[in-house]
Amino acid sequence: MKRPKTPGFLADELPQDRAIRLSFARLSAAVTELPLRYAPFFSRLSELWELPETHVVTELTRAKDPRSWHVTLVRGLKTFEVKRDAAPFAGNARLLHFAPGVRLPQHGHRGQERVLVLEGSYADASGFEVHAGESQTMTEHSLHELNILGDVPCVAAVSEHGVDFGVLGLLGTWLKR
C-alpha cells in the first residue's frame, strides 16, 4: 500500500527505509544533547537540587554552553554551578564532569553530600562503586575520595554544603580557595 503524500515533507521524497533512518538519526541526535540527554533523571534531579523540573530543564539547557563550565584545580574535573535564585535550599547544587581515570583526593563536607551519577561510574576509597542511575549519600564530615572507573567520563549531579579539604593541611586550604 502506498503512503499518501504530505506536501513539503522531506520523508515523502525519500525511499521509506532511508526516511526512517534519517528520522531516527535526528531523534538520536536530539536525545544525546542536553537537556534531553538526562530526561530520565529530571524528577530525581528536581528532588536532589530541590528545584521544580522546569528549572532543572532550564539549568541543563544552560549547561550545553561550554563557557558555563569551570575548570578546577583537580586536573580532569569541571564543574557547572546550578543557579538556585529562589530556592530555599542553602547548599550548593552542581554538575561535575570527571575525565576518565580522575582521582578526587580525600575530602569531606560541612553537611551531607548527595550524589546522583548520570553517566559513567566511580568507586570510593572502600571500593564501593556507583554507576549511572545510582546515588550515594555521604554524611557530614565523612572523609571520602573518588576514583573514576573505566575509559568514559563520569557526570554526576551533586547537592552539598561546601567541600572541606582541611584534612590535607595547607594544601587543603589552598584547594578550598
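Bear in mind that the values here come from a model prediction, so they are computed numbers and not experimental data.

**Quick notes on the packing of aromatic side chains**
Turning to step 1, where the next piece is worked out: On inspection of all chains with the given rule, the structure shows one aromatic pair.
Turning to step 2, where the next piece is worked out: Ring centres 5.6 Å apart and planes at 40 degrees place the aromatic pair Trp69 and Phe80 in the tilted group. Taken together, the residues Trp69 in the loop between helix 3 (53-62) and strand 1 (70-71) and Phe80 in strand 2 (residues 77-81) connect sequence positions eleven residues apart.
Turning to step 3, where the next piece is worked out: Relative accessible area serves as the criterion here: at 0%, Phe80 is assigned to the buried category.

**Side note on the confidence of the model for the protein chain**
Turning to step 1, where the next piece is worked out: In this model, the protein chain carries an average pLDDT of 83, and 75% of its residues clear a pLDDT of 70 or more.
Turning to step 2, where the next piece is worked out: Long-range and interchain partners of residues 167-177, a stretch whose pLDDT sits below 50, account for 13 contacts in this model, where long-range means more than four residues apart.

**Comments concerning the pattern of salt bridges**
Turning to step 1, where the next piece is worked out: Applying the stated criterion to the full structure yields seven salt bridges.
Turning to step 2, where the next piece is worked out: Note that Glu145 is salt-bridged to Arg103, the shortest N-O span being 3.2 Å. Pair noted here: Glu145 is in strand 9 (residues 144-148) and Arg103 is in strand 4 (residues 103-109), with a separation of 42 residues, a long-range link.
Turning to step 3, where the next piece is worked out: Glu145 sits in the buried class, given a relative accessible area of 16%.

**As for the sheet that holds strand 1**
Turning to step 1, where the next piece is worked out: Taken in spatial order, the six strands make up an open sheet running 1-2-3-10-5-8, and their pairing is antiparallel. With one partner strand each, in any of the chains shown, strand 1 and strand 8 (135-138) form the two edges of the open sheet.
Turning to step 2, where the next piece is worked out: With five bridges joining them, strand 5 (residues 113-119) and strand 10 (residues 154-160) adopt antiparallel strand pairing. Paired with Leu116 across the bridge in strand 10 is Ala157.

Thresholds, definitions, all that
- Residues numbered from 1 in each chain as written.
- Predicted model: local features only at pLDDT ≥ 70, side-chain atom pairs only at ≥ 80, totals over all residues.
- Heavy atoms only, no water.
- Phe/Tyr/Trp six-rings, centres within 6.5 Å; stacked < 30°, edge-to-face > 60°.
- Helix = DSSP H or I, 4+ residues; strand = E, 2+ residues; numbered from the N terminus.
- Buried < 20%, exposed > 50% of the residue type's maximum accessible area, 1.4 Å probe, protein only.
- pLDDT = per-residue confidence, 0-100.
- Contact = heavy atoms within 4.5 Å.
- Salt bridge = Lys/Arg side-chain N within 4 Å of Asp/Glu carboxyl O.
- Pairing = 2+ DSSP bridges.

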